[in-house]
Amino acid sequence: MYFEEYAKKWDTKFRIDRAKKITNKIKEKIEIDINMNVMEFGCGTGLVSFKLYDNFKTLTLIDSSKNMLEIAELKIKEYKTTNIKTRYIDIMNEDIEEKYDLIYTSMALHHIKDIDLAINKLSKLLTNEGKLCIIDLDEEDGSFHHNFPDFDGHNGFNQKKLKAVLEKNNFKEVESETFFYEKREINNIEKEFSLFIMVGKKNI
């Protein structure tokens, strides 16, 4: 997909600033413990994770884009951190043996076609009562990806419907809220987009 082409110029000022707000929201919603083993699903270049890594025991950055992970690897060297590792894998088609206390994913889920399968896979990777934290795009009319003609994912999510998918796949105490808004001019029309955060706890 286009991630391979865009990797080197992915870390724009807007995305960096947005990642700070996402990070702050994760800290607000998740009781973070230094003993946690954590995974970011669809990490990209690690914009969110490199603002969180020192709060965890271990952090595994997972992505199916080699080029994105190469940028993340450069950051690991730059930050001189020893608790982060990257893993090039497509969990939709491959299995992981490790278990995590927390999995978070930021602006990645809407690129996955089979949401039910993705949530099921992530559920199986969590420890009992481990938490899944999703930050993604609220449902929109398709304008968000107007510059990406090969985009074939979801135009955001209806929070109620996504909550039902989590509950179907062994999550409880699922809560969500919209917390981030942005405006863009698209074809001379101003459009507003928003992001939500959803957190669920895996059933024992």
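The shown structure was predicted, so the numbers you read here are calculated from the model rather than taken from an experiment.

## As for helix α2 (residues 13-29)
Between its first and last C-alpha atoms α2 spans 25 Å; for 17 residues at 1.5 Å apiece the expected length is 24 Å, and the two agree. Taken together, the buried positions of α2 are occupied by Arg15, Arg18, Ala19, Ile22, Thr23, Lys25 and Ile26. In an axial view of α2, the angular spread of the buried residues amounts to 165°, which keeps them on one side of the axis. α2 presents Lys13, Asn24 and Glu28 as exposed residues on the side facing more than 90 degrees away from its buried surface.

## Observations regarding the confidence of the model for the protein chain
This prediction gives the protein chain a mean pLDDT of 92; 95% of its residues lie at or above 70. Predicted confidence for residues 1-7 stays below pLDDT 50, and this span has 22 contacts to residues more than four positions away or in other chains.

## A closer look at the packing of aromatic side chains
Within this structure, the stated rule accounts for 6 aromatic pairs. An aromatic cluster of three or more residues is present, and its members are Phe50, Tyr53 and Tyr79.

## Observations regarding the pairing of strand β5 (residues 126-137)
Both faces of the sheet carry side chains from a regular strand, because those side chains alternate between them. In this sheet, β5 lies alongside strand β4 (residues 100-106) in parallel orientation, the contact comprising 6 bridges. Across the sheet, residue Tyr104 finds its bridge partner in β5, namely Cys133. Here 7 bridges tie β5 to strand β7 (residues 189-202), and the two strands are oriented antiparallel to one another. Note that in β7 the partner of Cys133 across the bridge is Val199.

What counts, and where the lines are drawn
Residues numbered from 1 in each chain as written. Predicted model: local features only at pLDDT ≥ 70, side-chain atom pairs only at ≥ 80, totals over all residues. Heavy atoms only, no water. Helix = DSSP H or I, 4+ residues; strand = E, 2+ residues; numbered from the N terminus. Expected span 1.5 Å × (residues − 1). Buried < 20%, exposed > 50% of the residue type's maximum accessible area, 1.4 Å probe, protein only. Arc of directions from axis to C-beta. pLDDT = per-residue confidence, 0-100. Contact = heavy atoms within 4.5 Å. Phe/Tyr/Trp six-rings, centres within 6.5 Å; stacked < 30°, edge-to-face > 60°. Pairing = 2+ DSSP bridges.

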